[in-house]
Amino acid sequence: MAAALDEAAGTLLAVWEAARERTTSRLSGAQLRAVMVVEQYDGINLRRLATLTDMLLSSASRLCDRLVAAGMLEREPGRFDRREIALHLTPAATRLLAELRADRRHRLEQILAGMTAEGRAALLRGMQEFDTVARRAEAGAPEGWPVLQPSGERTGDPLAEPGEPSTGEPPVARTA
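Throughout what follows, the structure given in this document is the object of discussion. (Residues numbered from 1 in each chain as written. Predicted model: local features only at pLDDT ≥ 70, side-chain atom pairs only at ≥ 80, totals over all residues. Heavy atoms only, no water.)

## Quick word on helix α5 (residues 91–113)
Working note: α-helix, 3.6 residues per turn, so residues spaced by three or four point in the same direction.
Alright, step 1. With 23 residues, α5 ought to run about 33 Å at 1.5 Å a step, and its terminal C-alpha atoms sit 33 Å apart, in line with that.
Alright, step 2. Turning to α5, its buried residues are A93, L96, L97, L100, R101, D103 and R104.
Alright, step 3. In the core, the buried residues of α5 are packed alongside α1 (2–23), α2 (29–40) and β2 (85–89). (Helix = DSSP H or I, 4+ residues; strand = E, 2+ residues; numbered from the N terminus. Expected span 1.5 Å × (residues − 1). Buried < 20%, exposed > 50% of the residue type's maximum accessible area, 1.4 Å probe, protein only. Contact = heavy atoms within 4.5 Å.)

## Digging into the packing of aromatic side chains
Alright, step 1. Applying the stated criterion to the full structure yields 0 aromatic pairs.
Alright, step 2. Taking NZ or CZ as reference, R104 lies 4.3 Å from the ring centre of W16, over its face. (Phe/Tyr/Trp six-rings, centres within 6.5 Å; stacked < 30°, edge-to-face > 60°. Lys NZ or Arg CZ within 6 Å of the ring centre and 35° of its normal.)

## Considering the packing of α2 against α5
Alright, step 1. Interaxial distance between α2 and α5 falls to 11 Å at its minimum, and their mutual angle equals 105°. It follows from the interaxial angle that α2 and α5 lie roughly perpendicular. Across the interface between the two elements, L32, V35, M36 and E39 from α2 touch A93, L97, L100 and R101 from α5.
Alright, step 2. Its residues placed into classes, the contact of α2 with α5 shows 6 nonpolar, no polar and 2 charged. (Axes fitted to C-alpha atoms, helices over the stretch in contact; angles between N-to-C directions. Parallel < 35°, antiparallel > 145°, perpendicular 65-115°, else oblique. Nonpolar A, V, L, I, M, F, W, Y, C, P; charged D, E, K, R; others polar.)

## Remarks on unusual backbone geometry
Alright, step 1. Of note in this structure, D54 is not a glycine but carries a positive phi near 55°.
Alright, step 2. Assignment of secondary structure puts D54 in the loop between α3 (46–52) and α4 (57–69).

Any link to function would need more than the numbers given here.
Here it is, written out as structure tokens:
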């Protein structure tokens, strides 16, 4: 079962990668991942971005330099500590992510159209159950890893300093 699912997931990932190549060909995978994290956590600082993308701080800084030069990110002094830099998406990055999602959904719709209604319903039920079980497993993830809730919100505040309590209002996560 796991091998068959792995093969099917490979097909799904190929559809996603084809959409990424068409719409975001000028961004590397790491750059796209960073843009998506900044989209989820507008105003995130560089240290938290490095943590959430599992990068060294120096690598994340260079990656952000390239994204600023490409017109995808803006930097501004932090609201509470002017020495910290807050990261924000540019309108160009927002448009790029919207194009990526539209292309991906279009490709998925084409594939789903070739399936029977029963197959689509079974796929949806199976994916929803898979998602529920995976989220439960994520709840046991190491500290510092945000956990996506069924509502689309994340528990834990990646913008808070380690040991600092969450604001109580987790940012809304946008799926990519």
